Amino acid sequence: MNAVAPSDEPAAGSDPATPRHVAIIMDGNGRWAKARHLPRVAGHRKGIETVRTVSRAARSLGIEVLTLYAFSSENWRRPAEEVSDLMGLLRHFIKSDLDELAREGVRLRVIGDHTAFAPDLVDLIDGALARTASNTGSTLVIGLNYGSQDEIVRAARKLAGRDPALIDAAAVEAALDTGDLPPVDLLIRTSGEHRLSNFMLWQAAYAELLFVDTLWPDFGSDALADAIRAFHRRERRFGGL
């Protein structure tokens, strides 16, 4: 089969522009803490600071959509104490940063099924989504209880009643959690791991992949700028010549 480039991607061979959509697998919080003889939660706290830094840097660089893999559907397998710590940090982030996001015109989005969280956290997330829904600046997407395989299964269920002849790649894409977002241009994973870990498998079909050794708590605005420069050096063909 011939691969078809998404319709809103730049033509092959065109001058690279700032990526519209950057996605990041934020990895390495635990190793950052371990190297400093600190509890894992200290690494997660530092990771939240990096989220602030990188989201602000993305806005200054003109990135339209920033997607961050915060809590996967597999993270429930972690010790209950660590899961509780992560939920507490998520609560704190929303309460402390929502005003800034609203003021900066950032639209907050969630991919995954956050309704599996505690009711008070669900209400907090829903309130943040509602408050920023009409913002027209950049979009910050947070993956919460997200797994790409589950997302694709849910999309298939949405399409199950349709005439099979009418189900094409565009229909599947529209049924995904990211259906109203531009395709991922650049996907970054920190900490030296070289796998996608069930993150945006469909959306990354034509993304440029960048794996960096930097642990997430040490990944700042300069590192993001370096990643964008690396993206500019790539030649994107989308299956063509």
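Fair warning: this is a prediction, and the values are worked out from it, not measured in the lab.

(A) Highlighting the overall build of the protein chain. Looking only at helices and strands, the protein chain has seven helices and six strands in total. Going from the N terminus to the C terminus, the protein chain shows its helices and strands as β-α-α-β-α-β-α-β-α-α-β-β-α. Radius of gyration (C-alpha) of the protein chain: 18 Å, near the 18 Å computed for a compact globule of 241 residues. Each of the three principal axes of the protein chain carries a C-alpha extent, and together these read 50 × 45 × 35 Å. Relative to its full complement of 241 residues, the protein chain shows a buried share of 49%.

(B) Representation of the packing of helix α3 (residues 80-103) against helix α4 (residues 119-132) within the structure. Two elements in contact, α3 and α4, have axes separated by 11 Å at closest approach and are oriented at 20 degrees. Taken together, the axes of α3 and α4 lie roughly parallel to each other. The hand of the α3/α4 crossing is left-handed. Contacts between α3 and α4 involve M87, L90, R91, I94, K95, L98, D99 and A102 from the first element and D120, L121, L124, I125, A128, R131 and T132 from the second. The residue inventory of the contact of α3 with α4, partitioned by class, reads nine nonpolar, one polar and five charged.

(C) Representation of the sheet that holds strand β5 (residues 186-189) in the model. Within the open sheet, the six strands sit side by side as β3-β4-β2-β1-β5-β6. Their pairing is parallel. Because the sheet does not close on itself, it has two edges, and the strands there are β3 (107-111) and β6 (208-211). Strand-to-strand twist across the sheet, computed as the mean angle between neighbouring axes with direction ignored, equals 20 degrees. The pairing of β5 with β6 spans four bridges and is classified as parallel. Within β6, the residue paired with L187 across the bridge is L209.

The rules we used
- Residues numbered from 1 in each chain as written.
- Predicted model: local features only at pLDDT ≥ 70, side-chain atom pairs only at ≥ 80, totals over all residues.
- Heavy atoms only, no water.
- Helix = DSSP H or I, 4+ residues; strand = E, 2+ residues; numbered from the N terminus.
- Rg over C-alpha atoms; globule rule 2.2 N^0.38 Å.
- Buried < 20%, exposed > 50% of the residue type's maximum accessible area, 1.4 Å probe, protein only.
- Axes fitted to C-alpha atoms, helices over the stretch in contact; angles between N-to-C directions.
- Parallel < 35°, antiparallel > 145°, perpendicular 65-115°, else oblique.
- Left-handed = near helix turned anticlockwise from the far one by under 90°.
- Contact = heavy atoms within 4.5 Å.
- Nonpolar A, V, L, I, M, F, W, Y, C, P; charged D, E, K, R; others polar.
- Pairing = 2+ DSSP bridges.

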